[in-house]
Amino acid sequence: MSDATENTTVASVATEDDELVTKPGILGSIKRFPFSIYPTLMLGIFFFIPFAIMIAISFAHRTTSTYEVGFEFTHYARFFSPLFTTHVWVSVQFAALASLFALVVAVPFTFFISRFRRKSQVVSLVFVLCVLTLSEVIVAYSLSVVLGRQSGLPSLMEAFGFVDRAKSWYPSYGANLFGLSYFNIPFAVLILYPACTRLDRELTEAAQTLGASPVRTFFTIVLPMLEKTLLAAFILLFVFTMGAFVTPIWLGRPEDTMMAQLIADQALGRGNVPFAAALAVFFMLVTLALSLLTVWLRRSDKTGVAS
Amino acid sequence: MIKIAKIAFLTTVFTIFTAPLLIVAGVSLNEKKRMFFPPDGLSLRWYPEIFEEAKWAGALTNSVTIAVCAGLLAVSIALPIAYFLWRHRVFYAKALFVLGLVPFALPPVITALGMLIFWSQAGYVGKLENIILAHGVFLVTLPLVMISLGLESIDEELLEAARTMGADGRKLFTSVIFPMVLPYMIAGYAFVLVLSMNEYIISFFLGQHVTITLPVQVLSSLRSGYTPVIAAVAVMFILLAVVIFSLIARFSDLPKLLGAWSPKE
């Protein structure tokens, strides 16, 4: 089922994108460039086949210890159970809030650094990349050090006499939300950066010559021009946060369990691979749909800025 | 006034991002096995333990092996796809390109589960090479996008000139195209290297407690009781990222790699 969806999406993206593309068929194409067999096999065997098996197993029949071939919708039916709905709702809330917070910080930040001189711009980008690529494990750990009793803000509060006995600030709802937002900001900066460098400087300068304050220019000229990019960025961040795994484990409470943890718990902890597969298939379809939406948004935005 | 607000804002953001990392660096210097900041006594003795203690040294070797090989794998898959699309512009090349973009767009837990099921069906679990293959495919998107950028930046006139001078297809590739995309290949490789070193969930699913990578070891050590070696490992990760991205910035056009638009074009 999902194979078909994926193929059609591939087709629609490809045809929309490029009028230059010709269609000699797969074999004809490979004949033109025989080296393409290698990437075809690699992506086919180690990406496409695993997904096809996963989709098949999401319909399999679960036995007490493992699963056997079958075609049933039992696992998909469990989507209506509270176990599933509660955690999906929790994940959606966290993802939406963390993406929103990240954008509020990242939009002005990216706008400013895109106007830096080249050298400072490069240094800022190196900084952003370093934070972005840091393992979720390392970031979650670092933040737990800051929020912890012996080393971080709570002990500082105690030292200044704001509280009598310092308590650790994690695990908590706020700590998890802070961790997710922290992790999202560098990603948001990289998504917004190309659009910010493309913004026409003359427009903002013109607005300011006509007497608009920089703040007003930002809200009335810059933000509207970035509208679709912002929406696309929000969706990408949302998908990215939905996949968070270590942050909610380390900084969140048990009730803050998110989608990825649920999948891992079903597959590894409880050995219910078919249900985990059904969850993953659902998650994948939602992600693909949202990603296509962003492709479409960004494409229409590009023409908007250029004109 | 506006200028002050702008500087205050930028300083705050930079501080919020740097402070946790600096505090971790401080914690890693604690003399005793405690997690104090400011550190209680100064000592560098936790750093050598990464290389000496068996579980950390093993995890480090695994992580480095996986990252080095996954990088090569990802670039080797990305280069033919990018070249195919650039040279031939056929529908199938475009489809391969889009297929190469998909893994990275999906949350890693999905790839992790798909690969886990695949290898358990094959009866071959917990192997190092499983993680290499998974990282190579999952991260193929980065070199793919970067190499494509590199190919797009090659001047058509240059190729025309080489052809008039009698270069055939192979010669054209080895003496003109390959040297011109090499910096982009290296940048793509470096991105995969760093991301693979830092990747947690795929390594956790596929390692099955047999093949353990550094991030997996960090989380399991955190759960079983704190040791300052964790902070030392964190500092090592931060330094790795700083060194590699500074090198990329030094030797290639970082703003362009990240999609900046320069008015000259």
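## Some remarks on the overall build of chain B
Scanning chain B from N- to C-terminus turns up 13 helices and zero strands. Traced from its N-terminal end to its C-terminal end, chain B shows the element sequence α-α-α-α-α-α-α-α-α-α-α-α-α. Principal-axis analysis of the C-alpha atoms gives chain B an extent of 70 × 65 × 30 Å. With 265 residues in all, chain B has 48% of them scored as buried. In chain B, of all internal contacts separated by at least 6 residues, the share reaching a separation of at least 24 is 73%.

## Digging into the overall build of chain A
Helix and strand content of chain A: 15 helices and two strands. Among the 307 residues that make up chain A, the fraction classed as buried is 43%. Taking all contacts inside chain A whose residues are at least 6 apart in sequence as the whole, residues at least 24 apart take part in 69%.

## Notes on the packing of helix 5 (residues 82-114) of chain A against helix 9 (residues 173-198) of chain A
Residue and element names in this part refer to chain A. Two elements in contact, helix 5 and helix 9, have axes whose closest approach is 6 Å; the angle formed by their N-to-C orientations is 45°. If you check the angle between helix 5 and helix 9, you find them oblique. Between helix 5 and helix 9 lies a crossing whose hand is right-handed. Counted by class, the contact of helix 5 with helix 9 contains 19 nonpolar, seven polar and no charged residues.

## A few points about the interface of chain B and chain A
Listed per partner, the contact involves 72 residues of chain B and 78 residues of chain A. The element that contributes the greatest number of residues to the side of chain B that touches chain A is helix 1 (residues 2-27) of chain B, accounting for twelve residues. In the side of chain B that touches chain A, the residues fall into 61 nonpolar, seven polar and four charged.

## Focus: the domain arrangement of chain B
All names here are of chain B. For chain B, the assigned domains read domain 1 (1-43) and domain 2 (54-257). The C-alpha-based centres of domain 1 and domain 2 are spaced at 31 Å. Residue-level contacts link eight residues of domain 1 with eight residues of domain 2.

## Concerning the nonpolar core
Counting 182 residues, the largest nonpolar core has Ala188, Ile263 and Ala280 of chain A together with Leu113 of chain B as its most contacted members. With residues up to four places along the chain from it excluded, the contact list for Ile263 of chain A reads Ala276, Leu279 and Ala280 of chain A together with Val109 and Leu113 of chain B.

## Some words on the environment of Leu29 of chain B
Residues and elements named next belong to chain B. Looking at the element boundaries, Leu29 is found in the loop between helix 1 and helix 2 (46-52). Considered as a pair, Leu29 and Val192 are 163 residues apart in the sequence and their alpha carbons are 30 Å apart. For Leu29, the residues in contact, after removing those within four places along its chain, are Pro39, Leu42 and Ser43.

## Concerning the domain arrangement of chain A
Under the domain assignment used here, chain A contains domain 1 (1-57) and domain 2 (82-306). Taking the mean C-alpha position of each, domain 1 of chain A and domain 2 of chain A sit 31 Å from one another.

## Overview of helix 9 of chain A
The terminal C-alpha atoms of helix 9 of chain A lie 38 Å apart, and with 26 residues this matches the ideal 38 Å at 1.5 Å per residue to within 8%. Bending of helix 9 of chain A peaks at approximately 40° at the position of Leu192 of chain A, with proline Pro194 of chain A no more than four residues after it.

## Let's talk about the packing of helix 3 (residues 37-57) of chain A against helix 4 (residues 91-105) of chain B
Following both chains from N to C, one finds helix 3 of chain A and helix 4 of chain B inclined at 35°, their axes separated by 11 Å at the closest point. In this structure, helix 3 of chain A crosses over helix 4 of chain B, and the sense of that crossing is left-handed. Counted together, Pro39, Thr40, Leu43 and Phe47 of chain A of helix 3 of chain A and Leu96, Leu99, Gly100 and Pro103 of chain B of helix 4 of chain B form the full contact between these two elements. Grouping the constituent residues of the contact of helix 3 of chain A with helix 4 of chain B by class yields six nonpolar, two polar and no charged.

## Focus: the confidence of the model for chain A
Within chain A, residue pLDDT values average 83, and 90% of them lie at 70 or more. Note that residues 303-307 of chain A has pLDDT below 50 and, in this model, three contacts with residues that lie over four places away or in other chains.

## So, unusual backbone geometry
In the segment running from Tyr170 of chain A into Pro171 of chain A, the intervening peptide bond is cis, with an omega of -5°. Residues other than glycine seldom take positive phi values, yet Arg89 of chain B does so here, at roughly 50°. Along the chain, Arg89 of chain B turns up in the loop between helix 3 (54-88) and helix 4. Looking at Arg89 of chain B, the number of C-beta atoms within 10 Å reads 13, which means it is partly exposed. With phi around 60°, His209 of chain B is a residue other than glycine that occupies positive phi space. Mapped onto the elements of the fold, His209 of chain B is located in the loop between helix 10 (201-207) and helix 11 (214-224).

The rules behind these values
- Residues numbered from 1 in each chain as written.
- Chains lettered and ligands numbered in written order.
- Predicted model: local features only at pLDDT ≥ 70, side-chain atom pairs only at ≥ 80, totals over all residues.
- Helix = DSSP H or I, 4+ residues; strand = E, 2+ residues; numbered from the N terminus.
- Buried ≥ 20, exposed ≤ 12 C-beta atoms within 10 Å, placed from the backbone.
- Contact = placed C-beta atoms within 7 Å.
- Axes fitted to C-alpha atoms, helices over the stretch in contact; angles between N-to-C directions.
- Parallel < 35°, antiparallel > 145°, perpendicular 65-115°, else oblique.
- Left-handed = near helix turned anticlockwise from the far one by under 90°.
- Nonpolar A, V, L, I, M, F, W, Y, C, P; charged D, E, K, R; others polar.
- Domains from an automatic or database assignment.
- Core = buried A, V, L, I, M, F, W, Y, C linked by C-beta atoms within 7 Å.
- Expected span 1.5 Å × (residues − 1).
- Bend = angle between axes of the 7 residues up to and from the residue.
- pLDDT = per-residue confidence, 0-100.

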